[in-house]
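Here are the chains, one letter per residue:
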Amino acid sequence: MKILFYDTKEYDRASFDRQLPAYPDITIDYLKTDLAPATAKLAKGYDAVCAFVSSDIGTKTIDELHQCGISLILMRCAGFNNVDLKQAAAYGIKVLRVPGYSPEAVAEHAMALALAVNRKLHKAYVKVRENDFSLNGLLGFNFHQKTAGIVGTGKIGAAMAKICHGFGMKVLAYDVYHNPELDFAEYVSLDELLKRSDLISLHCPLTDDTYHLINRDTIQKMKDGVILVNTSRGGLVKTQDLVEGIRARKFFGVGLDVYEEETKNVFEDRSDEILENSTTARLLSFPNVMITSHQGFFTQEALAAISQTTLDNAVTFLKGGTTENEVKA
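Our subject in this report is the structure included herewith. In this text, all values refer to a predicted model and were calculated from it rather than measured experimentally.

Considerations on the overall build of the protein chain
Part 1: The secondary structure content of the protein chain amounts to eleven helices and twelve strands.
Part 2: For the protein chain, whose C-alpha radius of gyration is 21 Å, the value lies close to the compact-globule estimate of 20 Å for 329 residues.
Part 3: Judged by the C-alpha coordinates and their principal axes, the protein chain covers about 60 × 50 × 35 Å.
Part 4: The buried share of the protein chain, taken over its 329 residues, is 51%.
Part 5: In the protein chain, the proportion of contacts linking residues at least 24 apart, taken out of those at least 6 apart, comes to 68%.
Part 6: Accessible surface for the protein chain amounts to roughly 16,300 Å². Of this, 50% is attributable to carbon and sulfur atoms.
Part 7: Taking the 36 positively charged and 42 negatively charged side chains of the protein chain as two groups, their mean positions are separated by 4 Å.

The structure is reproduced here in structure tokens:
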């Protein structure tokens, strides 16, 4: 099987190349460019393509991939909301993903963001580098004995719930399905979670039902002085309403590893550019907001798991087998 990898960085190549000797039936070519309608035609002559969370795998891209004879799309990530699954199914193109590469990696990053905006670590770092050792503007609050609200209790949400429990926090949870591992958590309605939580961390998938889950109405239901963290999908939060809430001093702090405008920014160096009309720039203008570059997954362990599962998916397809990692329309 010949696979064309899109949007690859050096760490992607290094991780997959370490695993590749164990998969003699697979060859890989790497591209720096991302998958989109204009670049899909580069896949001609390959059996499969491998894409990431920021790739444009909509209808036009699927059409092009079909014309190139592609029969398999490998997603080296958990998310698949950027894939037109119905169009892929119409052409008989299978879509396989990596559903659980390292839940702990993302959960630990979520807690890191929560701690950072609470204890003002981003501000403290800059102050001390300028020889300012005063404590002005750095006051935080204890997480111990406070209430954490976990929205979505799949593998990542469950890992975050366990971390919060370890901090001595009361844990509230909201999900359609109750996770039996979380016997210490109290499942409540979303409204009650918003009303009672001092820390709210988002871990649900992006669907039609969860799009803009955090908006003007749900923000108004939150406690004053709440900390909001999102390491799931940017579309869960309506950015304009979030900005209004920050300006109204609703939030003690906001930590975002994902945000609505991130597509052009993810994993790219745009330090020499002027971000015109950028909501990202507006968010960064607030002293109680910290944004990171979709790095929640970025640990050595997670990269190794992504590489192995992606290649295992390819082998399963090659042998005509089935896997629970297949995504269907």
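That covers the picture; the talk isn't over yet.
Quick look at helix α6 (residues 155–166)
Part 1: Taking 1.5 Å per residue, twelve residues should reach 16 Å; α6 reaches 17 Å between its end C-alpha atoms and fits that length.
Part 2: Each element contacted by the buried residues of α6 is listed here: α4 (103–118), β6 (147–151), β7 (170–174) and β9 (199–202).
Part 3: Following α6 by one or two positions, G168 adopts a phi angle in the positive range, close to 85°.

Description of the side chain of R76
Part 1: Summarising the element assignment, R76 is placed in the loop between β4 (72–75) and α3 (85–90).
Part 2: Notably, R76 is buried but unbridged: the nearest opposite-charge side chain belongs to D12, and the N-O separation is 4.0 Å.
Part 3: Polar side-chain contacts of R76 include one of 2.7 Å to the backbone oxygen of Y6.
Part 4: Side-chain polar atoms of R76 contact the backbone oxygen of D7, separated by 2.8 Å.

A short note on the pattern of salt bridges
If the charged atoms of two oppositely charged side chains come close together, the side chains can form a pair.
Part 1: Taken as a whole and judged by the stated rule, the model has twelve salt bridges.
Part 2: Here K94 and E326 are joined by a salt bridge, their closest N and O atoms 3.8 Å apart. One end of the pair, K94, is in strand β5 (residues 94–96); the other, E326, is in the segment after α11 (300–318), and 232 residues separate them in sequence.
Part 3: On the basis of relative accessible area, E326 is assigned to the partly exposed category, the value being 23%.
Part 4: The salt bridge involving D191 is made with K221; its shortest N-O contact spans 3.0 Å. With D191 in helix α7 (residues 190–196) and K221 in the loop between α8 (216–220) and β10 (226–230), this residue pair connects regions lying 30 residues apart in the sequence.
Part 5: Its relative accessible area of 39% is what places K221 among the partly exposed residues.
Part 6: By sharing partners, the salt bridges in this structure join K170, E186, E192 and R196 into a single network.

Re the sheet that holds strand β11 (residues 251–256)
Part 1: In spatial order, the strands read β8-β7-β6-β9-β10-β11-β12; together these seven strands make up an open sheet with parallel pairing. The sheet is open, and its two edges are formed by β8 (186–187) and β12 (289–291), each paired on a single side.
Part 2: The pairing of β11 with β12 spans three bridges and is classified as parallel. Following the sheet pairing, G255 is matched in β12 by M290.
Part 3: Running at roughly 175° to β6, α6 makes contact with β6, β7 and β9 of the sheet.
Part 4: Packed on one face of the sheet, helix α9 (residues 239–247) meets β10, β11 and β12 and runs near 145° to β11.

Overview of the environment of A173
Part 1: Inspection of the secondary structure assignment puts A173 in strand β7.
Part 2: Considering only alpha carbons, one finds A173 and G58, 115 residues apart in sequence, at a separation of 33 Å.

Basis of the calculations
Residues numbered from 1 in each chain as written. Predicted model: local features only at pLDDT ≥ 70, side-chain atom pairs only at ≥ 80, totals over all residues. Heavy atoms only, no water. Helix = DSSP H or I, 4+ residues; strand = E, 2+ residues; numbered from the N terminus. Rg over C-alpha atoms; globule rule 2.2 N^0.38 Å. Buried < 20%, exposed > 50% of the residue type's maximum accessible area, 1.4 Å probe, protein only. Contact = heavy atoms within 4.5 Å. Areas by Shrake-Rupley, 256 points an atom, 1.4 Å probe, with all protein chains shown as cover. Lys, Arg positive; Asp, Glu negative; His and termini not counted. Charge placed at Lys NZ, Arg CZ, Asp CG, Glu CD. Expected span 1.5 Å × (residues − 1). Salt bridge = Lys/Arg side-chain N within 4 Å of Asp/Glu carboxyl O. Polar contact = N/O pair within 3.5 Å; in protein donor to acceptor, adjacent residues only side chain to side chain. Pairing = 2+ DSSP bridges. Axes fitted to C-alpha atoms, helices over the stretch in contact; angles between N-to-C directions.

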